[in-house]
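What follows is the residue order along each chain.
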Amino acid sequence: MSEVVTLLANCAQLAECPRWDPEHQLLYWVDIEAGRLHAFDPKTGQDDFLQLDEEIACFAIREKGGFVAGLRSGLVTIDSLQGGITPIVDPEQDKPQQRFNDGRCDPAGRFIAGTLNPNKDAYSGHFYTLDIDHSVRQIVGENWTSNGLAFSPDGKTLYYSDTPRHVVFACDYNVDTGTVSKQREFIRFPYGFGRPDGAAVDSEGYYWSALYDGGRIVRISPAGKIVATITVPAKKPTMVAFGGDSLNTLFITSADTDDPAEKAQYPLSGSIFAINLAVTGLLEPKFKG
């Protein structure tokens, strides 16, 4: 394992949802609070972005071109980094205080995205499936903050976290039908260790979780045991993604802080980092709708 390096320093308020595009060798990512979808070229250092007029929390590359994304106002398609936004559906139009948070595609090309309740006064965040025909349905949840969505290499296990509860869950997943069953607790983190934020699964089936407020990334076995830890030069890592030429680079996003003491200790808060690993990741499925 190599050292963690800084790719983009102090580039975001709340960097999230890194996604590697192997075709164009780009790292896409979002700054949620700034409402920006970015495209970063690790070889040249160029970082371009699309400015939106609301928060963008998660997205996936679309097979037809462009993206599918979860905004505060609901699920949309985005034609390109030059714009072109088409609304699809807002499954929580009766909950205007909530917004989408974490999401990705399942192995069949459906887009799954979860919502959060910023007030933390009810477990009203849920994961929704946007199917290829653009129909939408709720599949799992009752969370404060729907997060950490990832799939095992065979697609038969869906993982997700509820960050404030410090818990990652595992569920049986039927790729053919897109249905979830047999939810159980996968791992629970002690308070003070960090809260499970965004995640990815490697080619060996191990779950990698960014521990927000913990300053670390952990690798967790399919049995739910921590087997490796990576210290990050930001207290609030938010998500990880595998990419690079051999899919063995782990990209790490992070959040900035308003706390002067924390900023002094972690001056690179709000940066994007990378580390080369001995293990490889999985190709990210594209949205087929």
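Residues numbered from 1 in each chain as written. Predicted model: local features only at pLDDT ≥ 70, side-chain atom pairs only at ≥ 80, totals over all residues. Heavy atoms only, no water.

Hey, could you run me through the overall build of the protein in this one?
Helices and strands together make up the secondary structure of the protein, namely 1 helix and 24 strands. Scaling as 2.2 N^0.38, a compact globule of 289 residues should have a C-alpha radius of gyration of about 19 Å, and the protein matches this with 17 Å. Projected onto its principal axes, the C-alpha coordinates of the protein cover approximately 45 × 40 × 40 Å. Looking at the protein as a whole, 56% of its 289 residues are labelled buried. Expressed as a percentage of contacts within the protein between residues at least 6 apart in sequence, the contacts between residues at least 24 apart total 46%. In the structure as shown, the protein presents an accessible area of about 11,600 Å², 48% of it carried by carbon and sulfur atoms. When the 26 positive and 38 negative side-chain charges of the protein are each reduced to one mean point, those points stand 5 Å apart. (Helix = DSSP H or I, 4+ residues; strand = E, 2+ residues; numbered from the N terminus. Rg over C-alpha atoms; globule rule 2.2 N^0.38 Å. Buried < 20%, exposed > 50% of the residue type's maximum accessible area, 1.4 Å probe, protein only. Contact = heavy atoms within 4.5 Å. Areas by Shrake-Rupley, 256 points an atom, 1.4 Å probe, with all protein chains shown as cover. Lys, Arg positive; Asp, Glu negative; His and termini not counted. Charge placed at Lys NZ, Arg CZ, Asp CG, Glu CD.)

Just checking my understanding: could you explain the nonpolar core for this structure?
Within the largest apolar cluster, 34 residues are counted, with the highest numbers of intra-cluster contacts made by L37, I56, F59, F67, I78 and F111. Secondary-structure elements contributing two or more residues to this core are β3 (26–31), β4 (36–40), β6 (56–61), β7 (67–71), β8 (74–80), β10 (99–105), β11 (111–116) and β12 (125–130). By residue number, the principal contributor to this core is β6, which donates 6 residues. Here I56 is in contact with V30, D31, I32, G35, R36, L37, A69, G70, L71 and I78, once residues within four sequence places are set aside. The next biggest cluster of nonpolar side chains, apart from the first, holds 15 residues, and it includes W208, A210, V232 and A234. (Core = buried A, V, L, I, M, F, W, Y, C linked by side-chain atoms within 4.5 Å.)

Please clarify how the side chain of H38 should be interpreted in this entry.
Inspection of the secondary structure puts H38 in strand β4. What makes H38 buried here is its relative accessible area of 3%. At 2.7 Å, the side chain of H38 forms a polar contact with the side chain of D47. Not counting residues up to four positions away in its chain, the partners in contact with H38 are L27, Y28, W29, D31, D47, D48 and F49. (Polar contact = N/O pair within 3.5 Å; in protein donor to acceptor, adjacent residues only side chain to side chain.)

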